[in-house]
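Each chain, letter by letter, is given below.
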Amino acid sequence: MVREAVKEDLNALLELYLFLHEDRTPERDEHLEKTWDQILEDPDHHLIVNEIDGQIAASCVCVIIHNLTRNVRPYAFIENVVTHEEHRGKGYAGECLEYARGIARKENCYKMMLLTGSRKPETLRFYEKAGYNSSDKTAFIQWLGMDK
């Protein structure tokens with residue numbers, strides 16, 4: 001079942017992110033709790049999960065960014081697309097991206113963007129199959145206050 005995350009999903013999401021790029025779950029402190037509450041309360045921040053048999057199998061984030069160009073239409077930014085290794089190849093992350101597309105359409109976004117650090121051909125094919133291309137824009141990243 002694809003849905004937006006609720007407060008009780010925090011632990012499961014932190015565990016799922018170990019399959020993304022994290023090497024440990026963050027400390028459960030005031031900063032983490034405040035950030036989680038801000039995410040849940042922000043109407044433009046959509047943390048999407050795909051729950052299979054009571055377990056969060058896949059997730060992505062869709063943030064709506066308000067904009068003054070393109071006839072004052074917003075755009076959507078997709079981040080943290082991840083699937084638990086036991087559930088890969090079953091379309092669960094694709095269903096999360098489709099849910100995000102529905103949000104973007106409802107919000108009248110003129111485009112959706114995502115970045116991936118993966119160079120794996122199967123990951124890039126997954127994004128292409130989901131409707132994204134790597135030929136329209138060039139991405140640059142500047143890391144702040146951390147080693148890559």
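Residues numbered from 1 in each chain as written. Predicted model: local features only at pLDDT ≥ 70, side-chain atom pairs only at ≥ 80, totals over all residues. Heavy atoms only, no water.

A.B. asks: Pulling in residues and values, what's your account of the pairing of strand E4 (residues 75-83)?
C.D. replies: With seven bridges joining them, strand E3 (residues 55-65) and E4 adopt antiparallel strand pairing. Bridging across to E4, Ile 65 finds its partner in Tyr 75. Pairing of E4 with strand E5 (residues 112-114) involves three bridges; the strand directions are parallel. By the bridge assignment, Ala 76 is partnered in E5 with Met 112. With helix H3 (residues 92-106) bridging E4 and its parallel neighbour E5, the resulting β-α-β unit is right-handed. (Pairing = 2+ DSSP bridges. Helix = DSSP H or I, 4+ residues; strand = E, 2+ residues; numbered from the N terminus. Right-handed = clockwise from strand over helix to strand, strands pointing away.)

A.B. asks: How would you explain the pattern of salt bridges if you had to name every residue and give the values?
C.D. replies: Taken as a whole, this structure holds six salt bridges when the rule is applied. A salt bridge links Glu 33 to Arg 28, with the shortest nitrogen-to-oxygen separation between them at 2.6 Å. (Salt bridge = Lys/Arg side-chain N within 4 Å of Asp/Glu carboxyl O.)

A.B. asks: Which residues make up the packing of aromatic side chains, and what values do they have?
C.D. replies: All told, the structure shown has two aromatic pairs when counted by the stated rule. Ring geometry for Tyr 75 versus Tyr 110: centroids 6.3 Å apart, planes at 70°, classification edge-to-face. Of this pair, Tyr 75 sits in strand E4 while Tyr 110 sits in the loop between H3 and E5, and the two are 35 residues apart along the sequence. Above the ring of Tyr 75, the side-chain terminus of Lys 111 is found at 5.2 Å from the ring centroid. (Phe/Tyr/Trp six-rings, centres within 6.5 Å; stacked < 30°, edge-to-face > 60°. Lys NZ or Arg CZ within 6 Å of the ring centre and 35° of its normal.)

A.B. asks: So what's going on with the nonpolar core? Residues and values would help.
C.D. replies: Membership of the largest hydrophobic core comes to 23 residues, with the highest contact counts inside it found for Cys 60, Cys 62, Ile 78, Leu 97 and Tyr 132. Of all the secondary-structure elements, those providing two or more residues to this core are strand E2 (45-52), E3, E4, H3 and E5. Top contributing element to this core by residue count: H3, with seven residues. Beyond its immediate chain neighbours, meaning those up to four positions away, Cys 60 contacts His 46, Leu 47, Ile 48, Ile 78, Glu 79, Asn 80, Val 81, Cys 96, Leu 97 and Ala 100. Among the nonpolar cores identified, the runner-up in size contains 14 residues, and Leu 13, Leu 14, Leu 16 and Leu 47 belong to it. (Core = buried A, V, L, I, M, F, W, Y, C linked by side-chain atoms within 4.5 Å. Buried < 20%, exposed > 50% of the residue type's maximum accessible area, 1.4 Å probe, protein only. Contact = heavy atoms within 4.5 Å.)

A.B. asks: Talk me through the environment of Lys 7; I want residue IDs and the actual numbers.
C.D. replies: Summarising the element assignment, Lys 7 is placed in the loop between strand E1 (2-4) and helix H1 (10-16). Look at Lys 7 and you get partly exposed, because its relative accessible area is 43%. It is 7.8 Å that separates the C-alpha atoms of Lys 7 and Asp 37, two residues lying 30 residues apart in sequence. Residues in contact with Lys 7, not counting those within four places in the same chain, are Trp 36, Asp 37 and Leu 40.

Geometric descriptors of this kind do not, in isolation, establish any biological role.
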